[in-house]
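The chain contents come next:
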Amino acid sequence: MSLAYYPGCTLKTKARNLEEPAVASMEALGFKLDEIPRWNCCGAVYSLADDDLIHQVAPVRNLIRVKKQGKTELVTLCAFCLNSLKRANLLMRQDVEKRNTLNDFIDEGIDYSGEVKVVHLLEVLRDEVGWEALSQKVKLPLRGLKAAPYYGCTLLRPREIAIDDVENPTILGDFLKAVGASPVDFPESTRCCGSYQVVSSPGDIAEYARPILNSALSHGAEALVLTCPLCDYNLGRGQKELAKKQGGFREMPLLYFTQLLALALGLSPRVCHFDLNHGSPESLLKERNLLPQGESVQLIGGQQ
Amino acid sequence: MSAKQTKKKSATRAVKPRTKKPAATAVKEEKKIAAKLIPIYIMGKRYEVPEGLTIMKAMEYAGYILIRGCGCRGGTCGACGTVYRKPGDYKLQVALACQKTVEPDMYIAQIPFFPANRATYEFAGLTAAPEEVFKLYPELFRCVACNSCTKACPQGIEVMDAVSALKQGNIAGAAQLSFDCIQCGLCTSRCFGELAQYHMFQLARRTYGARIVPRAEHLAEMVKAVNEGRYDRFLDELKQAKEDELKKVYQEREVEPMAAGEDWKPKDTRYL
């Protein structure tokens, strides 16, 4: 089954370790993530200013081009892209005046009113593959891996675009169970990583990361599972800062959920690009026998 | 460079006499011109020019002496970017003045130059990493996908798609999409994010050519063979040949057929 797929710019550069294991895993599950032929930036951050329509143009143009191809659903993988695209889509559905202005300006030859359904890959796994069916496809159960599902903000907020219960999300935990890992619930799993605030105040990066990492560690997690390249950047850089500041602070591996999916489906660790990860997952994965024997994997921790 | 300048000067000379012609000659010449006169507006002023002229020739007909905004006159140098509108249509149109023929009631302005900063870099030290482009042109990320650049391209390049390719770290994609760019700068003149697209694309094409496309190994081998003197003997033979002999060799030479395949070889392989 072919799914129209929107990767996002970061997944083609810094976060290839999020995309490539996803594409390979979905193929193993019988789905083709079919990258849409012409796409531009998702807009990166959804603009909250009511009259700032120019920053809705990028996400809406992507959606129009998906509609032009006759597709009705668009799969995203980056949590930020999901957020921008889904919110812009909502605007096109709900606000007639702005919709008309945007359609007129975007000038793609067809009008758009939010017909495309924007979904996240986790929703595809939950709703189209199903946790039970997924667990049956697992070849290398991630037994014993205590992984804390970290949602961040953009999969769940605002409520209108959430892919799961806003207050008590389980989708990432359910995913971890399906691939045989032991999810570690922790109270800060939906706390903000600092997002783009760290651009204007880079000194705060460690302070945003501290409560999240401390909470996950104190609940027994040995790795944090992510869906978003910006969370990865902020928490990865943040824990490096914390290790410098605070003697004895233990850095933990940050892993994308797609990397765990690929490992569990028995795919080569090569598709996971662990060399792009923060907090070197090599020793942990070896310890849990999650790296197939005889596979040479280049693992360099957290250099960006 | 010098050929271009000469061309420009000759264009200038061609225009001058026309503007100074006595009335009688002008009338006489007018009879000779079969073409209908049509009205156009150059920078807001109305002129009647023969239909069928390019915008550039029409401007010269109207008395303009072009010392900028005029280069190759063949649609490849990018010096004569032009914008125009027609009554009743809000759409801004673009063209190269040397290529587009005039249409009635066009309102024309040439944009021979548009300020755009080109980053300074030592190319030898650059890799093919997308971050090199990001560092040299950080304004790349100001693109809001308004697509005005694409609409402004007289070459029909999908400019915004090429900008997107750069943002996605796809230098090969940007180089291929922008291959027909003649650096006229019209995209840059219309950019909401104040990008200098054509300079970025030039960097992408340089990187693509020098760092991404595989090297032509056979060329290096051939240059080495030439330098090592493999062909010196044959050249010496030719140099010493008498005129008649030389003519004979030339006339009897074997020419590669037009539709020769890649594995074509001459009958005489002594020189390969």
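Visitor: Whenever I open this one, the interface of chain B and chain A confuses me. Can you help?
Guide: How big an interface is tends to be expressed through the accessible area that disappears when the partners come together. Taken residue by residue, the interface counts 13 residues in chain B and twelve residues in chain A. Take the side of chain B that touches chain A: its biggest share by element is four residues, from helix H6 (residues 159–167) of chain B. For the side of chain B that touches chain A, the per-class residue count stands at seven nonpolar, four polar and two charged.

Visitor: How should I be thinking about the sheet that holds strand S6 (residues 182–183) of chain A in this particular structure?
Guide: Consider a sheet: its strands pair through backbone hydrogen bonds, and that pairing is either parallel or antiparallel. All names here are of chain A. Pairing within the open sheet is parallel, and its four strands lie in the order S6-S5-S7-S8. The open sheet has two edge strands with one neighbour each: S6 and strand S8 (254–256). Here strand S5 (residues 146–149) runs beside strand S7 (residues 223–226); their pairing, made up of three bridges, is parallel. Along S7, the bridge assignment pairs Ala 147 with Ala 223. On the sheet, helix H7 (residues 171–178) packs against S5, S6 and S7 and is oriented at approximately 155° with respect to S5. Its contacts with the sheet put helix H11 (residues 257–264) on S7 and S8, and the angle it makes with S8 is roughly 70°.

Visitor: Where do I start with the nonpolar core in this structure?
Guide: In globular proteins that are soluble, nonpolar side chains generally tend to be buried together. With 153 residues, the main nonpolar core has A:Leu224, A:Val225 and A:Leu260 as its most contacted residues. The residues touching A:Leu224, leaving out its near neighbours within four places in the chain, are A:Ala148, A:Tyr150, A:Ala216, A:Leu235, A:Met252 and A:Leu254.

Visitor: Quick question: what am I supposed to make of the domain arrangement of chain B here?
Guide: All names here are of chain B. Along its sequence, chain B is organised into domain 1 (2–110) and domain 2 (123–212). On the domain 2 side, the residues contacting the seven residues of domain 1 number seven residues. Of the residues forming the side of domain 1 that touches domain 2, the biggest block, three residues, is contributed by strand S4 (residues 93–96).

Visitor: Just to check I follow, could you spell out the sheet that holds strand S4 (residues 117–120) of chain A for this structure?
Guide: Residues and elements named next belong to chain A. Across the sheet, which stays open at both edges, the four strands sit in the order S2-S1-S3-S4 with parallel pairing between neighbours. Whereas interior strands pair on both sides, the edge strands pair on one side only; in this sheet they are strand S2 (32–35) and S4. Averaged over all adjacent pairs, the angle separating strand axes in this sheet is 45°, with direction ignored. With two bridges connecting them, strand S1 (residues 2–6) and strand S3 (residues 73–76) associate as parallel partners. Residue pairing in the sheet places Tyr 6 in a bridge with Thr 76 of S3. Most of the contacts of helix H5 (residues 121–129) go to S4, to which it runs at about 90°, and overall it touches S1, S3 and S4.

Visitor: Looking at this model, I keep getting lost on H6(B). Mind explaining?
Guide: Each full turn of the α-helix corresponds to 3.6 residues, which orients residues three or four apart in the same direction. All names here are of chain B. When you tally the buried positions in H6, you get nine out of nine residues, the bulk of the element. Listed in full, the buried residues belonging to H6 are Val 159, Met 160, Asp 161, Ala 162, Val 163, Ser 164, Ala 165, Leu 166 and Lys 167. Check the buried side of H6 and you find it contacts helix H4 (130–136), helix H5 (148–151), helix H7 (171–177), helix H8 (186–190) and helix H9 (197–212). Gly 169 lies just past H6 and shows a positive phi near 75°.

Conventions we followed
- Residues numbered from 1 in each chain as written.
- Chains lettered and ligands numbered in written order.
- Predicted model: local features only at pLDDT ≥ 70, side-chain atom pairs only at ≥ 80, totals over all residues.
- Contact = placed C-beta atoms within 7 Å.
- Helix = DSSP H or I, 4+ residues; strand = E, 2+ residues; numbered from the N terminus.
- Nonpolar A, V, L, I, M, F, W, Y, C, P; charged D, E, K, R; others polar.
- Pairing = 2+ DSSP bridges.
- Axes fitted to C-alpha atoms, helices over the stretch in contact; angles between N-to-C directions.
- Core = buried A, V, L, I, M, F, W, Y, C linked by C-beta atoms within 7 Å.
- Buried ≥ 20, exposed ≤ 12 C-beta atoms within 10 Å, placed from the backbone.
- Domains from an automatic or database assignment.

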